[in-house]
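Chains, contacts and geometry: an overview
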Amino acid sequence: MTTHIETTLPGEEPAELPAGASAGQGAAADATDRLPSVPRTAVRRLVSACFWITMALCLALMACKTAARFDLTTLWDDAYMFQRYAHNILAGHGVSWNPDGPPAYGLTSLAFIVVAVPFHLVTGGNTSLAAMLQSFIWGPALLVLLVLLVLRAAGDGKVARLSCFSLVAFCVARSTLTDHFVSGMDTSFGLCFLTAYLLLALRLLGDARIAGGVALGAFGGLAFSVRPELTAYAVLVPLALVALERDSARRRFGLAALAATAGVLALHLVAAKLYFGSPLPLPFYAKSTNLYGSGILRAYRGRPTIDLLDWLDFFWPLFAVIALDVLVGLGARQAASGAPAGEGQRTGPRAWWAASTALDKGILAATLLCLAYSWLFVVPIMGFAQRFYYAPLPGLIYLACRSAVRLARTLSDALGQPSPAALPVAGVAALAILWLHLSTPLATAGKDLAGAVAGNRLGHFNIVKHGNTSGPQSYWFAIDRVSTLPDDLVIATTEVGMLGAMNLEKTIIDMAGLNDRRFALEPFSAERFFAAYKPDLIYMPHPHYVKMIEELEAHPEMSRYVVYSKKKLGTSQFGIAVRRESRYFERLQQIVKEKASSKSK
């Protein structure tokens, strides 16, 4: 016997099922109708309030972390390299490392010099302040561009947009991204470029005109000069349009973009080869070709994986959303809408592949390629704050927002309207967990800022005064005194940034090869080094350069130098060698004696 239970309230007519709906769906709909519900306006007010609380916490955290580090002590040593190049350009020496030296492709981000030069000019040659500003201005610009990217990726749904903003803001605020706003480096600049590229692709792909494809490709071709790894997006995005797009107009758009990208990239490589003597940045050879031997690899063994895991600790929610979308999201949506089993039904990855655009697939491929390259092939020298993993962040954010929208639609289709009372309560509970995770770093950042203000550790950009403090002094012996010697003093070192910025008119020999083609295209040779240079002062290589140290110490030319160990000098990393025939030998000897006597007191 079958018993029918009437589920309508008195005076109501039984709800009719949509055509083609299953009995199971009708039961689900009846069950949903019986759940307590919250009026739509109440849900809207609750979501809006939670959203603005989340945004306020995230912005406050980013602001405190940035403000607490606005001082030259947070600048990375490599940031000063841009300012040395800027100085030489303004002095009429071209893109060269040394005033009388040849052009040098020592900057991985050659385009960043366009930013460094104006700041060097407007700050009157204050290299510390200029280095800070050259990275700081791209922080707010990046946040604005990411807002625009989230708006485009999230579509028109208000709840979906608010959810995407909350998710992205939470991940970004907790991360070390703000460290790169005040590092002096080009990281934020590269992120701005990629975000702008994705926005331009989304805008021009709507019309899918050949002229738009050429414009996108021309802009994308600049990626190599911004950050070489970003070329993955400039190539794979149009390539995906050509290979996977069904619409013929969009395929032609992709082909035009790909051709323009290839043309601009080829022009860059040829021009670099003719001007610099190398089509690739010299740091590429150092960080990707085992230039320094096994010693440097031992020093950084396991570091790429550790940095990747640290970076994933901040951005795993974005990966989780994408994974849910790929594995279960669309399948759940189809099941909820009563899609018949059998022919035409797709679930999991097959459903994601069918629902995603060719643009999405190109962005996904480029994002994974960038992460894999940094993990497997890059020696993370000066890789602080997971620098090498940030390049694909805009692509990851775009993909996560696209997935979040699809998952939100799946949930909406499954639950129907009005929203069950448990749903907004669950949303508030989830946001409360986010707020809890934000509160501790916010309190820490607030204390750091208060301590920096109380200790007068903010807003100082006097590199000469800083050179007299214990930090630089323990690294480069007597860097302040050495910098006062005449400009014809020749110095050799592997740590060139701050030393080069304090001695803009001196010749600084970069034994690490980041700014000297002699030591970048093939491993360091003491024979070639002493054949080309006779430095007055050698800051001995950093301990990580084991093979280089062995080469120098074994060469007969070192008998012409007086060598002082780091133990005798009281430095933390390396000693010095002073050439006996140098015209500044006596003065350098005197500096050593005075410093040694002051330390013994």
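This text follows the structure it describes.
How each quantity is defined
- Residues numbered from 1 in each chain as written.
- Predicted model: local features only at pLDDT ≥ 70, side-chain atom pairs only at ≥ 80, totals over all residues.
- Heavy atoms only, no water.
- Pairing = 2+ DSSP bridges.
- Helix = DSSP H or I, 4+ residues; strand = E, 2+ residues; numbered from the N terminus.
- Axes fitted to C-alpha atoms, helices over the stretch in contact; angles between N-to-C directions.
- Disulfide = S-S within 2.5 Å.
- Buried < 20%, exposed > 50% of the residue type's maximum accessible area, 1.4 Å probe, protein only.
- Patch = residues over 30% accessible without salt bridge, like charges linked within 9 Å, V, L, I, M, F, W, Y side chains within 5 Å.
- Areas by Shrake-Rupley, 256 points an atom, 1.4 Å probe, with all protein chains shown as cover.
- Salt bridge = Lys/Arg side-chain N within 4 Å of Asp/Glu carboxyl O.
- Right-handed = clockwise from strand over helix to strand, strands pointing away.
- Core = buried A, V, L, I, M, F, W, Y, C linked by side-chain atoms within 4.5 Å.
- Contact = heavy atoms within 4.5 Å.
- Expected span 1.5 Å × (residues − 1).
- Polar contact = N/O pair within 3.5 Å; in protein donor to acceptor, adjacent residues only side chain to side chain.
- Parallel < 35°, antiparallel > 145°, perpendicular 65-115°, else oblique.
- Nonpolar A, V, L, I, M, F, W, Y, C, P; charged D, E, K, R; others polar.
- 1 Å grid on protein atoms, 1.4 Å probe; cavity = no way out; pocket = protein on both sides within 12 Å on 5 of 7 lines; lining within 4 Å.
- Points joined across faces, edges and corners; volume = space filled by probe spheres on them.
- Left-handed = near helix turned anticlockwise from the far one by under 90°.

1. Details of the sheet that holds strand 5 (residues 576-579)
- Strands sit in the order 2-1-3-5-4 across an open sheet of 5 strands; the sheet is mixed. On the outer flanks of this sheet lie strand 2 (507-510) and strand 4 (561-564), each paired with one strand and no other. Ignoring which end each strand starts from, the neighbouring axes of this sheet average 20° apart.

2. Some remarks on the state of the cysteines
- According to the stated counting rule, one finds 0 disulfides in the structure shown.
- Left unpaired, Cys164 is separated from the closest cysteine sulfur, that of Cys401, by 4.0 Å.
- Cysteine Cys171 is unpaired, with the sulfur of Cys58 as its nearest cysteine sulfur at 9.1 Å.
- By relative accessible area, which is 0% here, Cys171 ends up buried.

3. Considerations on a nonpolar patch on the surface
- A cluster of nonpolar side chains, Leu90, Leu121 and Val122, forms an exposed patch at the surface whose accessible area comes to about 310 Å².
- By the secondary structure assignment, Val122 is in helix 4 (residues 113-122).

4. Quick notes on the pairing of strand 2
- Residues of strand 2 alternate between two faces, with Thr507 and Ile509 on one and Ile508 and Asp510 on the opposite face, all of them buried.
- For strand 1 (residues 490-493) and strand 2, the ladder comprises 4 bridges, and the chain directions are parallel. What sits directly across from Ile491, in strand 2, is Ile508.
- Chirality of the crossover, the property in question, places the unit of strand 1, helix 23 (residues 497-502) and strand 2 among those that are right-handed.

5. Some words on the nonpolar core
- Core analysis: the largest hydrophobic core is formed by 172 residues, its most contacted members being Phe315, Phe529, Ile538 and Tyr539.
- Ranked by residue count, the leading element in this core is helix 8 (residues 187-207), at 12 residues.
- Every residue in contact with Ile538, bar those within four places of it in the chain, is listed here: Ala492, Met511, Phe529, Phe530, Met558, Tyr561, Gly575, Ile576 and Ala577.

6. Observations concerning helix 12 (residues 248-276)
- Here helix 12 is 29 residues long and its end C-alpha atoms lie 41 Å apart, about the 42 Å a rise of 1.5 Å per residue gives.
- Phe253, Gly254, Ala256, Ala257, Ala260, Thr261, Leu265, His268, Ala272 and Phe276 are the residues of helix 12 that are buried.
- Here the buried face of helix 12 lies against helix 8, helix 9 (210-220), helix 10 (223-226) and helix 11 (231-244).
- At the N-terminal end of helix 12, a side-chain oxygen is found 3.1 Å from the backbone nitrogen of Ala249, two or three residues along, and the residue is Asp247.

7. Considering the side chain of Thr493
- Along the chain, the position of Thr493 falls in strand 1.
- Ignoring anything within four residues of it in the chain, the contact list for Thr493 reads Trp476, Leu499, Ile508, Ile509, Asp510, Met511, Ala512 and Tyr539.

8. Observations regarding the packing of helix 3 (residues 79-90) against helix 4
- Running from N to C, helix 3 and helix 4 point in directions that differ by 70°, and their axes come no closer than 8 Å. Accordingly, the angle class assigned to the pair helix 3 and helix 4 is roughly perpendicular. Here Phe82, Gln83, Tyr85, Ala86, His87, Ile89 and Leu90 of helix 3 lie close against helix 4, whose contacting residues are Ile113, Ala116, Val117, His120 and Leu121.
- Taken together, the residues that form the contact of helix 3 with helix 4 break down as 9 nonpolar, 3 polar and no charged.

9. Side note on unusual backbone geometry
- Located in the positive-phi region is Ala385, a residue other than glycine, with phi close to 55°.
- The phi dihedral of Gln386 falls on the positive side, at around 55°, and the residue is not glycine.
- Mapped onto the elements, Gln386 comes out in the loop between helix 17 (358-376) and helix 18 (393-415).
- Looking at Gln386, the relative accessible area reads 9%, which means it is buried.

10. Notes on the environment of Gly221
- For Gly221, the position within the fold is in the loop between helix 9 and helix 10.
- Sequence separation between Gly221 and His268 is 47 residues, and the spatial gap between their C-alpha atoms is 8.5 Å.
- In this view, Gly221 contacts Thr261, Val264 and Leu265; residues no more than four positions away in its chain are not counted.

11. Here we look at empty space enclosed by the protein
- Inspection of the entire model under this criterion finds 4 cavities of 30 Å³ or more.
- In this structure, the largest cavity spans a volume of roughly 80 Å³.
- Asp186, Thr187, Gly190, Leu191, Arg227, Glu229, Leu230, Arg387, Phe388, Tyr390 and Ala391 are the residues that line the largest cavity.
- Taken together, the residues that form the lining of the largest cavity break down as 5 nonpolar, 2 polar and 4 charged.
- Its volume calculated, the second largest cavity comes out at about 70 Å³.
- Considering the residues around the second largest cavity, the lining is formed by Leu291, Tyr292, Pro523, Phe524, Tyr545, Lys547 and Met548.
- Taken together, the residues that form the lining of the second largest cavity break down as 6 nonpolar, no polar and 1 charged.

12. Observations concerning the side chain of Thr108
- Inspection of the secondary structure assignment puts Thr108 in the loop between helix 3 and helix 4.
- Filtering out sequence-adjacent residues up to four positions away, Thr108 remains in contact with Phe224, Ser225, Arg227, Pro228, Pro281 and Pro283.

13. Side note on the packing of helix 11 against helix 17
- Where helix 11 contacts helix 17, the two axes come as close as 8 Å, and the packing angle between them is 145°. Between helix 11 and helix 17 lies a crossing of right-handed hand. Touching Ala232, Tyr233, Leu236, Val237, Ala240, Leu241 and Leu244 of helix 11 are Ala358, Leu359, Lys361, Gly362, Ile363, Ala365, Ala366, Thr367, Leu369 and Cys370, all from helix 17.
- Partitioned by chemical class, the residues of the contact of helix 11 with helix 17 number 14 nonpolar, 2 polar and 1 charged.

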